[in-house]
Structure formats: C-alpha cells, structure tokens
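# Fold and contact review
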Amino acid sequence: MLIVVDPTRVARRLRVRGVVQGVGFRPFVYRFANTLGLAGWVRNDGGGVEIEIQGSEPVLDAFTRCLATEAPPLARVDAIEPEVIPPDLSRKDFVILPSAGGEVATAIGPDVGVCHACLGELFDPDDRRWRYAFINCTHCGPRYTITRSLPYDRATTSMAGFELCPGCAAEYAHPGDRRFHAEPNACPACGPQLSLFEPHGIPALARDPITETLRRLQLGEIVAIKGLGGFHLACDARNADAVARLRERKRRPHQPLALMVGSVASLAGVARLGGAEADTLESPERPIVLLAKQPGCDEAFPGLAPDLDELGVMLPGTPLHYLLFHEAAGRPAGTAWLAEPQPLALVMTSANPHGEPLVQRNDEAFARLADIADVLLMHDRDIVVRCDDSVLRLRPDLPAAPGEPVGGGVQFLRRARGFTPLAMPLDASGPAVLAFGPHFKATLCLARGAEAFLSQHIGGLDNPAACAALDEAAAHLQAILSVRPAAVAHDAHPDYYSTRAALALADALDIPSIAVQHHHAHIAAVCAEHRLDGPVLGFAADGVGLGTDDLPWGGELLYVDGAEFRRLGHLSPLALPGGDRAAREPWRVATGVLHALGRPDEAARRFAHQPAVAQVLAMLARGTRCPPTTSLGRWFDAAAGLLGLCEATSFEGQAAMRLETLARRFGESLPLVGGYHIDRRPPADLSVLNLYPLLHMLADEPDPARGASHFHATLIDGLAQWLADAAHATGLRRVALAGGCLHNRLLAAGLRHKLTARGLVVFEAQHVPPGDGGIALGQAWVARAELRRGLL
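Since we're looking at a predicted model, the values are computed, not measured. Positions within a chain are numbered from 1, following the residues in the order the chain's sequence is written. Per-residue local features of the predicted model are confined to residues with pLDDT of at least 70, and side-chain atom pairs are confined, for both listing and counting, to 80 or more; whole-chain, interface and lining totals are unaffected and use all residues. In computing side-chain properties, one takes all heavy atoms of the structure into account and sets aside hydrogens as well as water.

## Thoughts on the overall build of the chain
Across its full length, the chain holds 23 helices and 30 strands. Against the globule reference of 28 Å for 792 residues, the chain gives a C-alpha radius of gyration of 28 Å, in line with a compact fold. Taking the principal axes of its C-alpha atoms as reference, the chain extends roughly 105 × 65 × 45 Å. Counting all 792 residues of the chain, 61% fall into the buried class. Contacts in the chain between residues far apart in sequence, at least 24 positions, make up 72% of those at least 6 positions apart. Surface summary for the chain: the accessible area is close to 29200 Å², and the carbon and sulfur share equals 55%. Strands are runs of DSSP state E lasting at least 2 residues, helices are runs of H or I lasting at least 4, and numbering of each runs from the N terminus. For the radius of gyration, the atoms used are the C-alpha atoms, and the globule rule reads 2.2 Å times the number of residues raised to 0.38. Buried, partly exposed and exposed residues are distinguished by accessible area as a fraction of the type maximum, computed with a 1.4 Å probe on protein chains only: under 20%, between the cut-offs, and over 50%, respectively. The contact criterion used is simple: two residues touch if any of their non-hydrogen atoms lie within 4.5 Å. Calculation of accessible area relied on Shrake-Rupley with a 1.4 Å probe; when residues are assessed, cover is drawn exclusively from the protein chains displayed.

This is the structure in structure tokens:
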C-alpha cells in the first residue's frame, strides 16, 4: 500500500497550564482551530488543557501564539508547553474529547459576576431565561464554590443532580454557542429553583419569591439570601430601624456594613469615585470596594459605617441580586435601566451569627439564622465551598499591576470570592507545603510547584464551628488541587487551633511541621508576593503575635532573608493591664501610659467612670497582670483613649479606624518636636523607638482631631527615621511593610513617601491582605526556604 506523506503538515501536542478549565477555553480552542482549518483535538485533564493540532507550521505558530493573546476573558494562560509529534494523516477534523484524569497541575477559576450577554437575556421578556436566577454561561457564574474536584465537569459539581433539558443540552453540545460546555448551564425547566421560607423552615406564602422578598425588605424586615459561597443578610439600607435591628440581632453594634446598589450611577452624592473605582466595582469579580464618603452619606444610609469616612460598596454579583433591583425598578425590559440611578439600596452583610463561620447549607440557615432573619430566600443548588465577599481599596500611591484599573494600585483587606483560588506566582518551584495561617482572620495557603493557592477568608478560630470550617477548607484545598503536602507550616503560638490542626495533619501524613514566627511570616508574605530574593529590612506592625521571647510583639524591626530572621528593634513596650482585655478596652492602655508617665492621679480622674479604674491602677503599681507588648496597634489604642475617642471597642481595629478618620478630617499637620526618640536596649543592643513623649503631649491636647493628626504625623516621622537608621546600619535598601496596621492609609502612604524620599525601595502587600489574612502565604514561603536549606 502506497502512503503519501504531506511534507507541509506538522503536528504538535500542546500542554496549556493556568486557569483554563471552566472558563470556555476548550470551546475557544475548538472554534479557533476550525476557523484556521486545523485538525486534532482538545480535552481537559488534571494538568489543565491538552491539545493535539495538525497543519502547516506557520499556521500552527500563529495558533499557539493566539492561545494566550486571544483567550476567553476569564482564562489565564500561565504556560504553553509544545511537543513535536508525528502527524496523524487519518484525522481530518477538530473535536473536543471527553476529559481525562492524571496528576492535577491546574486550578479551577473563581466565581464571577453576570456577563453582559446573560444580563441581556435575563431582562428580555421573550427569552426563555427571562428573570431566571441561575442564568450563566462560559463567561460568568459560579465555579469554585460549586466544584468538588477536578477535572472541572458537571459531574464533579453541585449541578450533577440537575439533568439538562433538551434545550440546554443542545446549547451545551453546540460549538458555536457560548454555553458550549458551560458546566452550570440550566434554565427554569431543568435547573435550580428559588423558594422563600419563614424562620424554622416554614414555607412562606409567595407566588413569586422575588416579589415577596422585595415587599418584605421594603417593610423593614431582615432577609437571609443564599448567594454564591454562602448566605447574606440584607435589609433596606435607608431604613435606620431595620439597620439597627440587624446590628442588634447579629451582635455587631459598630462594625461597618457593606452597601449594595444597583448601579454606579446610584452612588452619585453618596461616595466619591473616579474611573478606577467604577471599573473595579463593575469588574467581573464584584468585590466590595472601600470608597470615600460624600457629605450626606450618613444621612442617606444611617448606621452603615458610623464614625468612619469610608463606606464599603458593591454592585449585584449574581442574577438573584440583580432580580431584586429589577423588581424594584418595575421590571423594565432590556438593560438600559442598569446605567441609571436606582432607588433600592441594600445592606448586604455576611449571614453568620457573631464570630461563627458563614452559613452554607439550607438546614444550617434554618438552625443558625432563625433568630436573625425574618424570612429566608433560598434555592436548591448546594454550596460546596464557603466563600465570603472580597474587600479591597484603591491607593493612588501604590503601583498598579498589569490589568488593574488605571488610577491606583489594589490593596486587599479580604481576599475571597472572585479571586479565590487564583494562584499567585512564586519566584521558584519547590515541594508542596500547606500553611495553616494564624488564629485571627485565618486563611490557608497551599504552595504547589511555582504557585501559591490562597484559600478564601475563614475568619477567627474562636469557636468549634470556625475550627471545623478551617478543617473543611484544608481538606477541600488539598482535594481540588490533588496535592499531598510534603510539609506543613503554622504559627509559632502553640495554643492556636491552626497550629494544632497543622500538627495533627503532619502526624497523620508523617511529614515535617515548620513553626514560623508571626511577624517573620508577615514580612515573608510581602517577599513572596513581590518575588524578592535575598535580605530585606522589614517592619511588621499589628495587634499581637507571639515573639521568640514568649511576649506579645507587634511593632517589630526585622532582618529577613528566607528562613532566617533577626529582631533588630521594636517599639517601646506598653503595659496591658488585665492582659487581653486591654486590647478591647483602650482606656486601660491609656491608664497604663499615664501611670508610666508619672500621672496616675490624672488617670484616676479621667477614667473615674470606669468601675475597674482603681483595680487597674493597683495592678500597674504592683506590676501584676500587666504584660508588656510592643504592638503598634496598642499605641493607636492608647492615643484614642487619651484623646477620648474610644474607651471600649466592639471589633478589632475600631479605635485605630476612628483615630485615622479624625486625622484625615483635620488635615495634615507637622510632627511634634521631641515627640519620639530612638534608644538602644541592652543586652541584645536592639533599637527601640520610644513614643512616650508623643503620648505625654496628647494627654494635654484639648482638640481630639488635632491630636489625631499630630499622632499620625509624629508616628510616621519617627518610624521613617527609625527605619532609615536601620537601613544605613545594615546596608539594606529594600524595605517590606506588613501587618494589620498597614491597612491605615495615612500610615502606609506616609511611610512609603518618606522612605522613598530617602532612597529606599518600599514593598507592601497588595494582592494578599497586609494583615493576618496574608500570614499563610508567608508561612508557606518560609517553610519552603527551610526545606531548601535542608534543615528538615
């Protein structure tokens, strides 16, 4: 038999890695290959997407280039690995093959908001998905929170139990349809359905759940709404009584609440936003964006963010949310109404009793929200993974990464829905490490190859339900990435649940466990994000973290080089009368300062209304139950207490946030002369920044706003001088700033400006939170450095 070989035909196998499953990548490859007249196939597998392609060499070159440059909007191509193979002359067409297995080296994409095409159908009365709350396509909708394992196919998601109707099946199978291989595809005939319940599981009398939900909201009731990744609690944001009841029932008296509006135009006269903020609000990730309030904001939305000058704002992120605003607008046809101001404005906050994890299941909602919600809007699609809303702000002084809105760099306060579990690139490949994070604002991080996968925000580990949520997230992260860690990392505090969970896994898998000091991990997270190699000078500033001397640290000057760190200095210690209780009652810290300044009688007069003031002064006089801390967070508390701004707090950072808001309202001021001095502390010869002179002056300041401004100006000046001296002494020019105190914009921007002016190069956490939400990334980075050094 004579075989004719076409000398112009070549063949390649392409391995495409990145976020390429569940984002329409296979349909894109199929259409592109057929447009170019190429033969072969494409399929999902554990490693990402595999392609075999045949044609002329120039066309294959163009095809390969365009895989990255023309990929679907939700795809992220990290690598294309080509391999030359013999051509198969019998193959004449290009097809999509069923998914294969194999070692997992890819990742599922995050949940994203509704695309414009789906919105057009959602509000088209002639479309079969008109007002269908679960509309989606390959360009939008749920991914991460409905997926149990990879490869990403319907059978491995919570849509497995919903059999496609003929219409949806035809869309799924048609290569030219944008729902081609859209795994959550559904319609009213075959997909999930809404239902409305009274508390304790009693069905509500409602012909249309959306119509009745809106009516109940307008009556001032509190509604639990099942969304992506969990439930929200919603109420009318303009109804002060409803907001107050929500705060009372949730036991959240002062912590800011997020606002959901139907459009950017609805924010006119409420919040200041430019093009970058508008683009971020309207981005597919649909984060909560912190915006500066305009005058009249607090009158329009009473009680949402008391005593603060920022408001967290979000736009609808799911079809269900959009339908509430559509109902309030009178059910207009088309999408033109979305560009107009909308009358409806909703408080949208996480549906979880105080301190507990996000409500995930329907039965959970009935049990845990019965005393909070007046009515529950639910559906029958399971949430596989809890995932809260992401929270971020734009800072004009930070560099913007490629693809970010022009006008400022992004800085996360909470990284979750829309971004989890997108991988962060690392500077080098290494063994798999699972880091269990801290105790507060807990997250996990799994380092695999040259990538780090951060879990969603989990929260504080103060109760059994939260600890169970951490365990579930750890198991799911390992399962969805198909990784057996070679080591675990954890905080150096032996009593944290995250530490115990890491040690239990290490014991079960017979792998090493690596303890990482809290503030070392803070700086390491910045090094990991910016892929810094070699030593850096670090300043870690937060509320608390256990130091190597078993004392609470929180204002630390560090030398960090991979697995190695040295403490170069710290802030002057403050007394904490009553221990941890002082962190919740700034008047106690202020009393400790006045006692240290030789003014105890003044403390007795100033805080005479506090029943425990005599006891606190007695403890200070005896030196009992008053552990010292170097925490910058407590210096903020002391200043707030001395200025009369906040004597007791109901959430972490409350005193510091009020202090920052008041300082910004007052405006800039000069540092107070003699407000600090830098000492050397034997025997370790540590550099100590002493801010007691500043607090001595603030104690006599009659104007709290002026005092807040002077505090920030003097603190920034002192820190900048302290860091500059350390840079000169060590020869280091790179400075990493980290810790929860760096959420303070005045502090972070002021330090960056002064240090840059001194010729130093400043790095901050941006795509992971500066606070404890980024700790797990730093732990994983340090653990890998230890493994590379061969210490374990």
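## Digging into the side chain of S687
Position of S687 relative to the elements: it lies in strand β28 (residues 686–690). Polar contacts here mean pairs of N or O atoms no more than 3.5 Å apart (in protein, one a potential hydrogen donor and the other a potential acceptor; neighbouring residues in sequence count only if both atoms are side-chain atoms). Separated by 2.9 Å, the side chains of S687 and W722 make a polar contact. In contact with S687, other than residues within four places in its own chain, are L568, G569, H570, I678, D679, R680 and W722.

## Focus on the packing of aromatic side chains
Ring pairs shown here join Phe, Tyr and Trp side chains whose ring centres sit within 6.5 Å, with only the six-membered ring taken for Trp; geometry is labelled stacked below 30 degrees between planes, edge-to-face above 60, and tilted in between. In total, this model carries 14 aromatic pairs according to the counting rule given. With centroids separated by 5.4 Å and ring planes inclined at 20°, the aromatic side chains of F32 and F63 adopt a geometry described as stacked. Placement of the pair is F32 in helix α1 (residues 25–35) and F63 in helix α2 (residues 57–69), with a sequence separation of 31 residues. On the accessibility criterion, F32 (18% relative accessible area) is buried. The interplanar angle of 80° and the centroid separation of 5.2 Å between the aromatic rings of F123 and W337 together place this pair among those described as edge-to-face. Taken as a pair, F123 in the loop between α3 (116–122) and α4 (166–173) and W337 in the loop between α9 (319–328) and β14 (345–350) lie far apart in primary sequence, 214 residues in all. Summarising the burial analysis for this pair, F123 and W337 share the class buried.

## Remarks on empty space enclosed by the protein
Empty space among the atoms becomes apparent when a probe as large as a water molecule is rolled across them. Each cavity reported here is a set of points on a 1 Å grid over the protein atoms alone in which a 1.4 Å probe fits but cannot get out, each pocket an open set with protein on both sides within 12 Å along at least five of seven lines, and each lining residue one with an atom within 4 Å of a point. Grid points are joined across faces, edges and corners, and a volume is the space filled by probe spheres set on the points. One pass over the full model with this rule turns up eleven cavities of 30 Å³ or more. Of the volumes computed, that of the largest cavity is approximately 150 Å³. Here the nonpolar group is Ala, Val, Leu, Ile, Met, Phe, Trp, Tyr, Cys and Pro; Asp, Glu, Lys and Arg are the charged ones; every other residue, Gly included, is treated as polar. Of the residues that constitute the lining of the largest cavity, the class distribution is ten nonpolar, seven polar and two charged.

## Some remarks on the packing of helix α15 (residues 586–596) against helix α18 (residues 632–642)
When two helices pack together, their arrangement is captured by the angle between the axes and the distance separating the axes. Across the interface, α15 lies against α18 with an axial gap of 7 Å and an inter-helix angle of 85°. Here α15 lies roughly perpendicular to α18, going by the angle between them. For the pair formed by α15 and α18, the contact residues are P586, V589, A590, V593 and L594 on the first element and R634, D637, A638, G641 and L642 on the second. Looking at the contact of α15 with α18, its residues break down into seven nonpolar, one polar and two charged. Only C-alpha atoms enter the line fits that serve as axes; for helices the fit covers just the stretch in contact. Angles between N-to-C directions range over 0 to 180 degrees. Any angle that is under 35 degrees is reported as roughly parallel, and any over 145 degrees as roughly antiparallel; angles of 65 to 115 degrees are reported as roughly perpendicular and all others as oblique.

## Regarding the nonpolar core
Residues belong to one nonpolar core when they are buried, are Ala, Val, Leu, Ile, Met, Phe, Trp, Tyr or Cys, and are joined through side-chain atoms within 4.5 Å. Grouped together as the largest cluster of nonpolar side chains are 100 residues, with contacts concentrated most on F25, I51, F63 and F436. In this structure, A590, V616, L737 and V762 belong to the second largest nonpolar core, which totals 67 residues.

## Quick look at helix α23 (residues 775–789)
The first and last C-alpha atoms of α23 sit 21 Å apart over 15 residues, in line with the 21 Å expected at 1.5 Å per residue. When you tally the buried positions in α23, you get twelve out of 15 residues, the bulk of the element. Of all the positions in α23, only I775, A776, L777, G778, Q779, A780, W781, V782, A783, R784, A785 and E786 are classed as buried. Buried residues belonging to α23 abut β18 (423–435), β19 (445–454), β20 (487–491), β21 (513–516) and α13 (518–530). One or two steps after α23, the chain reaches G790, where phi turns positive at roughly 75°. Take the number of residues in a helix, subtract one, and multiply by 1.5 Å to get its expected span.

## A closer look at the environment of I514
Tracing the sequence through the fold places I514 in strand β21. For the pair formed by I514 and L503, sequence separation is eleven residues and the distance between their alpha carbons is 9.1 Å.

## Let's talk about α13
With 13 residues, α13 extends 19 Å from end C-alpha to end C-alpha; this agrees with the ideal 18 Å at 1.5 Å per step. Along α13, twelve of the 13 residues are buried, which leaves the element largely enclosed by surrounding structure. Buried residues of α13: H518, H519, H520, A521, H522, I523, A524, A525, V526, C527, A528 and E529, and no others. Two or three places before H519, at the opening of α13, Q517 has a side-chain oxygen 2.8 Å from that residue's backbone nitrogen. R531 lies just past α13 and shows a positive phi near 55°.

## Some words on the environment of P302
With respect to the secondary-structure elements, P302 resides in the loop between α8 (297–300) and β13 (310–314). Among the residues examined, P302 registers a relative accessible area of 22% and is labelled partly exposed. On a C-alpha basis, the gap between P302 and N239 in space is 7.6 Å, while along the polypeptide they are 63 residues apart. Those residues in contact with P302, other than ones at most four positions away along the chain, are A237, R238, A240 and V243.

## Re the packing of helix α19 (residues 654–666) against helix α21 (residues 704–730)
Two elements in contact, α19 and α21, have axes whose closest approach is 8 Å; the angle formed by their N-to-C orientations is 100°. In this view, α19 runs roughly perpendicular relative to α21, as classed from their interaxial angle. In this structure, α19 uses L659, E660, L662, A663 and F666 to contact α21, whose residues at the interface are P704, A705, R706, A708, S709, F711 and H712. Here the residues of the contact of α19 with α21 are counted per class, giving eight nonpolar, two polar and two charged.

## With respect to the environment of P693
The topology assignment puts P693 in helix α20 (residues 692–698). Residues P693 and L672 lie 21 residues apart in sequence; the distance between their C-alpha atoms is 9.4 Å. The residues touching P693, leaving out its near neighbours within four places in the chain, are G674, G675, Y676 and H677.

## Some details on the sheet that holds β20
Read across the sheet, four strands follow the order β19-β18-β20-β21 without closing on themselves; strand pairing throughout is mixed. Edge positions in the sheet fall to β19 and β21, since each has one partner strand and no second. Between one strand axis and the next, the sheet turns by 60° as a mean value, whatever way the strands run. Strand pairing requires that DSSP identify at least two bridges connecting the strands. Relative to β20, β18 runs parallel, the two being bridged by three bridges. Looking at β20, one finds that A435 is bridged to A489. Strands β18, β19, β20 and β21 of the sheet are contacted by α23, whose axis makes an angle of about 80° with β18.

## Notes on the side chain of N744
Structurally, the position occupied by N744 is in the loop between β29 (734–738) and α22 (745–757). According to the relative accessible area criterion, N744 is buried, its value standing at 6%. Look past the residues within four positions of N744 in its chain and what remains in contact with it is F636, E660 and H712.

## A look at the pairing of strand β8 (residues 223–226)
Residues V223 and I225 of β8 are buried on one face, and the alternating residues A224 and K226, pointing to the opposite face, are buried as well. In terms of strand pairing, β8 meets strand β9 (residues 231–236) through four bridges, oriented antiparallel. Counterpart to A224 in the pairing with β9 is L233. Taken together, the three bridges between β8 and strand β15 (residues 375–379) define a ladder with parallel strand orientation. Bridging from a neighbouring strand, V223 pairs with V375 of β15.

## Points about the sheet that holds β29
Read across the open sheet, the seven strands follow the order β27-β28-β24-β23-β22-β29-β30; overall the sheet is mixed. At either end of the open sheet lies a strand with only one pairing partner, and these are β27 (677–681) and β30 (761–764). Averaged over all adjacent pairs, the angle separating strand axes in this sheet is 30°, with direction ignored. Pairing between strand β22 (residues 536–546) and strand β23 (residues 552–561): eight bridges, direction antiparallel. By the bridge assignment for β23, A541 is matched with G555. Against the sheet, α13 makes contact with β22, β23, β24 (564–571), β29 and β30, and its axis sits at roughly 135° relative to β22, the strand it touches most. Docked against the sheet, α21 engages β22, β23, β24, β27, β28 and β29, running at close to 130° with respect to β22.

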